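Overview (structure and organization)
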Amino acid sequence: MDPLNCGLVAFRHAPVPLSGVCYGRLDVTAELTAEAAAAAIERGLADLRVRPRAVWSSPLSRCAAPAAELAARLGAPHAVDERLLEIAYGAWEGRAWSDIERDDPLAYAAWLRDWERVGPPGGESAIEVEARVRSFWQALGATSGTSGASDAGPHLLVAHAGVLRALRVVACGTSWIEAMSAPAPHLAPERFPLPTSFVPLADR
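So, here's what we can say about the structure. (Residues numbered from 1 in each chain as written. Predicted model: local features only at pLDDT ≥ 70, side-chain atom pairs only at ≥ 80, totals over all residues. Heavy atoms only, no water.)

Some words on the packing of aromatic side chains
- As enumerated under the stated definition, the model contains nine aromatic pairs in all.
- Here the aromatic rings of Trp56 and Phe136 are separated by 5.2 Å at their centres, their planes lie at 75°, and the arrangement is edge-to-face. Of this pair, Trp56 sits in strand E2 (residues 54–57) while Phe136 is found in helix H5 (residues 126–143), placing the two residues 80 residues apart along the sequence.
- Using a relative accessible area of 17% as the deciding quantity, one classes Trp56 as buried.
- With a centroid separation of 6.1 Å and 40° between ring planes, the pair formed by Tyr108 and Trp111 is classed as tilted. You can see Tyr108 and its partner Trp111 sitting in helix H4 (residues 105–113), three residues apart, about one turn around the helix.
- The class of Trp111 is buried, set by a relative accessible area of 15%.
- Here the aromatic residues Tyr89, Trp92, Trp97, Tyr108 and Trp111 are joined through ring pairs into a cluster of three or more. (Phe/Tyr/Trp six-rings, centres within 6.5 Å; stacked < 30°, edge-to-face > 60°. Helix = DSSP H or I, 4+ residues; strand = E, 2+ residues; numbered from the N terminus. Buried < 20%, exposed > 50% of the residue type's maximum accessible area, 1.4 Å probe, protein only.)

Structure follows, in structure tokens:
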């Protein structure tokens, strides 16, 4: 990927102190303080030799708190966008995956069979996450001109894993299977191009 066409740099948030629990939309506190996570991301930006023009995040604190700290350090605006929320797991939020499999076997099996199109009860499918992330990505491209690059520097996103993987689909053209198979390490950078032309989602 041409670094000159990388208009968006994304870092997954710091780890959270949960294991084996479904926590997409839960506002879980990260293991690192906002200051520590921001410092780690700032070091990653220094390695890339980029200075972001703006910092984006979801409203959830594991992304929003370090993003706000980064914005203050960099002298850049911080914007919160609900399209950047983690996937919604609906009725499964906050429950252990083992309990979900035991207590809701039919819905769990249906989700495993067709998770790209089927969401948990009251939650989202991968395709629904893709639609809102695509809307954000296209709007970002529209504000950055038509070339997908800018002399003003890239946008920075402190992201959830589900949003990172959706960006792989919408910005890089990977399949959802490929996007899910590749790791999404915490506090590691991933670079994405912006659209070369902007077409509103409703017109596609």
